[in-house]
Amino acid sequence: MQLALLLSDPFYELMLFLHILTVVIGFVAALYGIKQAFFGFTNFEKIWYESTGFQSLFLGEAPRAFSFFSSPAAFADYLIFAILFSLMALSVKGFFRIEGFFYIITIGLCFVGIGITSVRSNWIGTGVSLFCWFFLLRFRTNRNRILAMAFLVLVGVTGSAV
């Protein structure tokens, strides 16, 4: 039985709305971060990052893109979720519809956005997330996917304890 059938309609509609909202915000955030990286910061952004004193906003003397988030790391974290949600939508909707084109563009922009943040841990997080996503796609039934996910969590917990 599909998970959508197990959920009540209002809850399912809310989850679908939040899913789409996450991707749209990721799309806009990536565009704005790319604008910051290539065209510079607005005056109010310059005032903000000069007054905060956050050293993590700077790479050497130059400020890093953070879009409308509080730091480059938070920006990159959000873009990872936008990539994964776009991949989820593509696996259901397909590549050849207009929504599929939007999701593909969003994934590309999010990768560029993660790259311009210069946050190495998020580059690693993106790679691990994509590995897990494609690893889980290999399993056709939900039971096998849950078992594989439990295995990945077990490996992660064991690896972090070592």
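From a predicted model like this one, the values you see are computed outputs, not experimental measurements. Counting starts from 1 at the beginning of each chain's written sequence and moves along it residue by residue. In keeping with the model being predicted, local features are shown solely for residues with a pLDDT of at least 70 and side-chain atom pairs are shown and tallied solely at 80 or more, while totals for entire chains, interfaces and linings include all residues. With hydrogens and water set aside, each side-chain value is computed from the structure's full complement of heavy atoms.

Attention now moves to the overall build of the protein. A count of helices and strands for the protein gives seven helices and two strands. Taken from the N to the C terminus, the helices and strands of the protein come in the order α-α-α-β-β-α-α-α-α. Taking all 162 residues of the protein together, 31% fall into the buried category. Contacts are assigned to residue pairs that have any heavy atoms within 4.5 Å of one another. By sequence separation, contacts in the protein at least 24 residues apart represent 56% of the contacts at least 6 residues apart. Runs of E in the DSSP output that reach at least two residues are strands. Runs of H or I that reach at least four are helices, and both are numbered from the N terminus. Only protein chains enter the accessibility calculation, which uses a 1.4 Å probe; a residue whose area is less than 20% of its type maximum is buried, one above 50% is exposed, and one in between is partly exposed.

Our focus in this paragraph is the packing of helix α5 (residues 98-117) against helix α6 (residues 120-137). Running from N to C, α5 and α6 cross one another at 145°; their axes reach a closest spacing of 9 Å. Contacts between α5 and α6 pair Phe111, Ile114, Gly115 and Thr117 from the former with Asn122, Trp123, Thr126 and Leu130 from the latter. Nonpolar residues are Ala, Val, Leu, Ile, Met, Phe, Trp, Tyr, Cys and Pro. Charged residues are Asp, Glu, Lys and Arg, and all others, Gly as well, are polar. Each residue belonging to the contact of α5 with α6 can be placed in one class, and the counts come to four nonpolar, four polar and no charged. Interaxial angle, 0 to 180 degrees, is taken between N-to-C directions of lines fitted to C-alpha atoms, where a helix line uses only the stretch in contact.

On to the confidence of the model for the protein. For every residue, the predictor states its confidence as a pLDDT score lying anywhere from 0 to 100. Of all residues in the protein, 88% attain a pLDDT of 70 or more, and the chain-wide mean is 84. Looking at the elements of the protein, mean pLDDT is at its lowest for helix α1 (residues 3-6), recorded as 48, and at its highest for α5, recorded as 93.

Checked against the element boundaries, Leu136 lands in helix α6. With twelve residues separating them along the chain, Leu136 and Ala148 place their C-alpha atoms 6.7 Å apart. The residues touching Leu136, leaving out its near neighbours within four places in the chain, are Arg145, Ala148, Met149 and Leu152.

Unlike most non-glycine residues, Ser67 shows phi in positive territory, near 55°. You can see Ser67 is positioned in the loop between β2 (62-63) and α4 (72-93). Of the residues examined, Ser67 reaches a relative accessible area of 1% and is grouped as buried. Backbone geometry at Ser118 places phi at a positive 60°, although glycine is not the residue there. Tracing the sequence through the fold places Ser118 in the loop between α5 and α6.

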